[in-house]
Amino acid sequence: QELLRVMRTIDDRIVHELNTTIPTASFVGKIDAGQTCKELYQSLMDAHTSRERIIKNCIAQTSSVVKTLREEREQAQDDVALLKQLRKEQTKLKLMQSELNVEEVVNDRSWKVLS
């Protein structure tokens, strides 16, 4: 979650980035606004793609752990520690899945501002 928070900095600062990217009337001839905007767009695309890939990798890994723990749980139904571990991993899986929804909201907001 901390890594995602850091990686979402570009989205959190999108208005500031646009304000510093688009030149004022006095700087119009000195800065290529189109190129700068394209670079900002590409940075945003790269950030969104990277975060989505990371979240989906975490979901896949956690799903695998949950599946393994479920199989172990079927063999040892009396093991309380195993049950606790399974519940912990299931909670982590739900958290990661909810991060996909958060990511969608963050991305939509950024694209609206950029548009």
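For clarity, every value in this text was computed on a predicted model and none was experimentally measured.

## Concerning the overall build of the protein
- Each helix and strand counted, the protein has five helices and zero strands in total.
- Taken from N to C terminus, the helices and strands of the protein fall in the order α-α-α-α-α.
- Its C-alpha radius of gyration of 21 Å places the protein more than 25% over the 13 Å reference for a compact globule of 115 residues.
- Taken along its principal axes, the extent of the C-alpha atoms in the protein is 75 × 20 × 15 Å.
- With 115 residues in all, the protein has 27% of them scored as buried.
- In the protein, 74% of the contacts between residues at least 6 apart in sequence involve partners at least 24 apart.
- Summed over all atoms, the accessible surface of the protein reaches about 8,000 Å², with 54% contributed by carbon and sulfur.
- Positive and negative side-chain charges of the protein, numbering 18 and 18 respectively, have mean locations separated by a distance of 2 Å.

## Quick word on the packing of helix α3 (residues 14-21) against helix α5 (residues 80-114)
- Taken N-terminus to C-terminus, the directions of α3 and α5 make an angle of 25 degrees; their axes are 10 Å apart at the nearest point. The orientation of α3 relative to α5 falls into the category roughly parallel. Helix-helix and strand crossings are classified by hand; for α3 and α5 the assignment is right-handed. In this structure, α3 contributes I14, V15 and L18 to the contact, and α5 contributes R109, S110, V113 and L114.
- Residue classes in the contact of α3 with α5 are distributed as five nonpolar, one polar and one charged.

## Describing the UniProt feature "coiled-coil region" (unreviewed entry) in the protein
- UniProt tags residues 59-93 as "coiled-coil region" (unreviewed entry).
- Strand forms 0% of residues 59-93 and helix 89%; the C-alpha atoms that close the span are 6 Å apart.

## Describing the nonpolar core
- Core analysis: the biggest nonpolar cluster contains nine residues, these being L4, I55, I59, V66, L69, L82, L86, L93 and M96.
- Among the secondary structure elements, those contributing two or more residues to this core are α4 (33-75) and α5.
- Setting aside its immediate chain neighbours within four residues, L86 contacts V66, L69, R70 and R73.

## Considering the packing of aromatic side chains
- Scanning the model with the defined rule gives one aromatic pair in all.
- Their ring planes at 50 degrees and their centres at 5.2 Å tell us that Y41 and W111 sit as a pair that is tilted. You can see Y41 sitting in helix α4 and its partner W111 sitting in helix α5, a full 70 residues away along the chain.
- Taking the relative accessible area as the measure of exposure, Y41 reaches 40% and is therefore partly exposed.
- Since its relative accessible area comes to 22%, W111 is described here as partly exposed.

Criteria and thresholds
- Residues numbered from 1 in each chain as written.
- Predicted model: local features only at pLDDT ≥ 70, side-chain atom pairs only at ≥ 80, totals over all residues.
- Heavy atoms only, no water.
- Helix = DSSP H or I, 4+ residues; strand = E, 2+ residues; numbered from the N terminus.
- Rg over C-alpha atoms; globule rule 2.2 N^0.38 Å.
- Buried < 20%, exposed > 50% of the residue type's maximum accessible area, 1.4 Å probe, protein only.
- Contact = heavy atoms within 4.5 Å.
- Areas by Shrake-Rupley, 256 points an atom, 1.4 Å probe, with all protein chains shown as cover.
- Lys, Arg positive; Asp, Glu negative; His and termini not counted.
- Charge placed at Lys NZ, Arg CZ, Asp CG, Glu CD.
- Axes fitted to C-alpha atoms, helices over the stretch in contact; angles between N-to-C directions.
- Parallel < 35°, antiparallel > 145°, perpendicular 65-115°, else oblique.
- Left-handed = near helix turned anticlockwise from the far one by under 90°.
- Nonpolar A, V, L, I, M, F, W, Y, C, P; charged D, E, K, R; others polar.
- UniProt positions renumbered as here; feature names shortened; annotations may be inferred.
- Core = buried A, V, L, I, M, F, W, Y, C linked by side-chain atoms within 4.5 Å.
- Phe/Tyr/Trp six-rings, centres within 6.5 Å; stacked < 30°, edge-to-face > 60°.

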